[in-house]
Amino acid sequence: FRVGLEIESVRINPGDVVVGDLDGVCIVPKEAEVEIFRMALEKARGEKMVQKKIQEGMSASEAFAKHGIM
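Residues numbered from 1 in each chain as written. Predicted model: local features only at pLDDT ≥ 70, side-chain atom pairs only at ≥ 80, totals over all residues. Heavy atoms only, no water.

A. Structural context of the overall build of the chain. When its secondary structure is counted, the chain shows two helices and four strands. A globule of 70 residues ought to have a C-alpha radius of gyration of about 11 Å, yet the chain, at 17 Å, is considerably larger. Each of the three principal axes of the chain carries a C-alpha extent, and together these read 50 × 20 × 15 Å. The buried share among the 70 residues of the chain stands at 11%. (Helix = DSSP H or I, 4+ residues; strand = E, 2+ residues; numbered from the N terminus. Rg over C-alpha atoms; globule rule 2.2 N^0.38 Å. Buried < 20%, exposed > 50% of the residue type's maximum accessible area, 1.4 Å probe, protein only.)

B. Highlighting the packing of helix α1 (residues 33-55) against helix α2 (residues 60-67). α2 packs onto α1 with a crossing angle of 140° between their chain directions and a minimal axis gap of 9 Å. Note on packing geometry: the crossing formed by α1 with α2 is right-handed. Residues Met 49, Val 50, Lys 53 and Ile 54 of α1 touch α2, and the partners they reach there are Ala 60, Ala 63 and His 67. When the residues that make up the contact of α1 with α2 are grouped by side-chain class, the tally is five nonpolar, one polar and one charged. (Axes fitted to C-alpha atoms, helices over the stretch in contact; angles between N-to-C directions. Left-handed = near helix turned anticlockwise from the far one by under 90°. Contact = heavy atoms within 4.5 Å. Nonpolar A, V, L, I, M, F, W, Y, C, P; charged D, E, K, R; others polar.)

C. Focus on the pairing of strand β3 (residues 17-21). Of all the five residues making up β3, zero are buried; the element is thus mostly uncovered. As paired elements, β3 and strand β4 (residues 24-28) share five bridges and run antiparallel to each other. Opposite Val 18, over in β4, you have Ile 27 as the bridge partner. Hairpin geometry of β3 and β4 is characterised by an intervening segment of two residues between the two adjacent antiparallel strands. (Pairing = 2+ DSSP bridges.)

Structure, rendered in structure tokens:
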């Protein structure tokens, strides 16, 4: 409890954020969490925009070429 640990050379410290889904687990270091979550939200918003463009008829390759996000 409240001690760091290491799993297969990945260090996890108290206060780090652990995020997991069906594809795996990601450790977000506490000192980088604000920037990482800001970037993740920005990417998710971009992906939503690309999804909307594809639904409106733009091809996936055109959407990727224009926005650089899939």
